[in-house]
Amino acid sequence: MSVSDRIRIREERLLSDNWYVLKTTTFDWKRRDGTWQTQSRETYDRGNGAVLLPYNLAARTVLLVRQFRYPAYVNGYDGLLIEAAAGLLDNAEPEARIRAEVEEELGYRLGAVRKVFEAFMSPGSVTETLHFFVAEYDAAMRIGDGGGHPDEGEDIEVLEPTLDEALAMIADGRIRDAKTIMLLQHLALNVFR
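Because the structure is predicted, anything quoted here is derived from the model rather than measured. (Residues numbered from 1 in each chain as written. Predicted model: local features only at pLDDT ≥ 70, side-chain atom pairs only at ≥ 80, totals over all residues. Heavy atoms only, no water.)

Caption draft 1: Representation of the overall build of the chain within the structure. Across its full length, the chain holds four helices and 11 strands. Once the C-alpha set of the chain is aligned to its principal axes, its extents read approximately 60 × 40 × 35 Å. Across the 193 residues of the chain, 38% fall into the buried class. Once local pairs closer than 6 in sequence are excluded, the contacts in the chain between residues at least 24 apart make up 58%. Carbon and sulfur atoms make up 48% of the accessible area of the chain, which totals about 11400 Å². Positive and negative side-chain charges in the chain, numbering 23 and 32 respectively, have mean positions lying 9 Å apart. (Helix = DSSP H or I, 4+ residues; strand = E, 2+ residues; numbered from the N terminus. Buried < 20%, exposed > 50% of the residue type's maximum accessible area, 1.4 Å probe, protein only. Contact = heavy atoms within 4.5 Å. Areas by Shrake-Rupley, 256 points an atom, 1.4 Å probe, with all protein chains shown as cover. Lys, Arg positive; Asp, Glu negative; His and termini not counted. Charge placed at Lys NZ, Arg CZ, Asp CG, Glu CD.)

Caption draft 2: Structural detail: the nonpolar core. Core analysis: the biggest nonpolar cluster contains 23 residues, and Leu53, Val62, Leu64, Ile175, Leu184 and Leu187 have the highest contact counts within it. Among the secondary structure elements, those contributing two or more residues to this core are strand S4 (49-56), strand S10 (129-136), helix H3 (163-171) and helix H4 (178-190). When residues of this core are assigned to their parent elements, the largest contribution, four residues, is made by H3. Once residues within four sequence positions are removed from consideration, Val62 is found in contact with Leu53, Pro54, Tyr55, Tyr137, Leu159, Glu160, Pro161, Leu163, Ala166, Leu184 and Leu187. Grouped together as the second largest cluster of nonpolar side chains are 17 residues, Leu63, Leu110, Tyr137 and Met141 included. (Core = buried A, V, L, I, M, F, W, Y, C linked by side-chain atoms within 4.5 Å.)

Caption draft 3: Seen up close, the layout of surface pockets. Volume-wise, the largest pocket comes out at about 1300 Å³. Lining the largest pocket are 34 residues, with Tyr20, Arg46, Arg69, Glu83 and Leu88 positioned closest to its centre. Counting residues per element, the ones that place at least two in the lining of the largest pocket are S4, helix H1 (70-74), strand S7 (81-83), strand S8 (85-88), helix H2 (94-106) and H4. Looking at the lining of the largest pocket element by element, the count peaks at four residues for H2. Its residues assigned to classes, the lining of the largest pocket shows 15 nonpolar, five polar and 14 charged. (1 Å grid on protein atoms, 1.4 Å probe; cavity = no way out; pocket = protein on both sides within 12 Å on 5 of 7 lines; lining within 4 Å. Points joined across faces, edges and corners; volume = space filled by probe spheres on them. Nonpolar A, V, L, I, M, F, W, Y, C, P; charged D, E, K, R; others polar.)

Caption draft 4: Local environment of the pattern of salt bridges. For the structure on display, the rule yields 16 salt bridges. Notably, a salt bridge pairs Lys23 with Glu12, separated by 3.4 Å at the nearest N-O pair. Highlighted residues: Lys23 in strand S2 (residues 21-30) and Glu12 in strand S1 (residues 7-16), separated in sequence by 11 residues. Shared partners join several salt bridges into a network, and the residues in it are Arg69, Glu83, Asp177 and Lys179. (Salt bridge = Lys/Arg side-chain N within 4 Å of Asp/Glu carboxyl O.)

Structure, rendered in structure tokens:
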């Protein structure tokens, strides 16, 4: 039995379409025991995205960004977040979009990129699927300073720690971004062995 056989939508209401789309939905869910239960959930649809972590195997380094994230600040984090370069797809293919984001945020034009997995980042309320990529980089691929687009509110600092330094930043709490932690762990387990 598929999920679509187990759900009946009763009502869907738009709560906000200001920045992204926030809806509340009432539905009936067929439980494992065969009974139907009415539930209500809010969903936030911001579109799907992509993230890429460039690495230099010879130097044992990675490229990261540091930037302000208002939702993290509201939740009590009084620092700039350290993250892998990422962005929303905006109707582009994941690889094409992440290449553009890396150029904008990091200032690098990469060669081959490799998709490693896809994941829902917060499936209890956010609809987004994130496409995860890695790619090798070297100094010859640098085409600019990065930093993002100021007219889009971006004020991005580029960082180039070693993999060991980045892993230590996870351990001591300087890196708290889930997508970045996932890609750093992927590199530690599968690339930098």
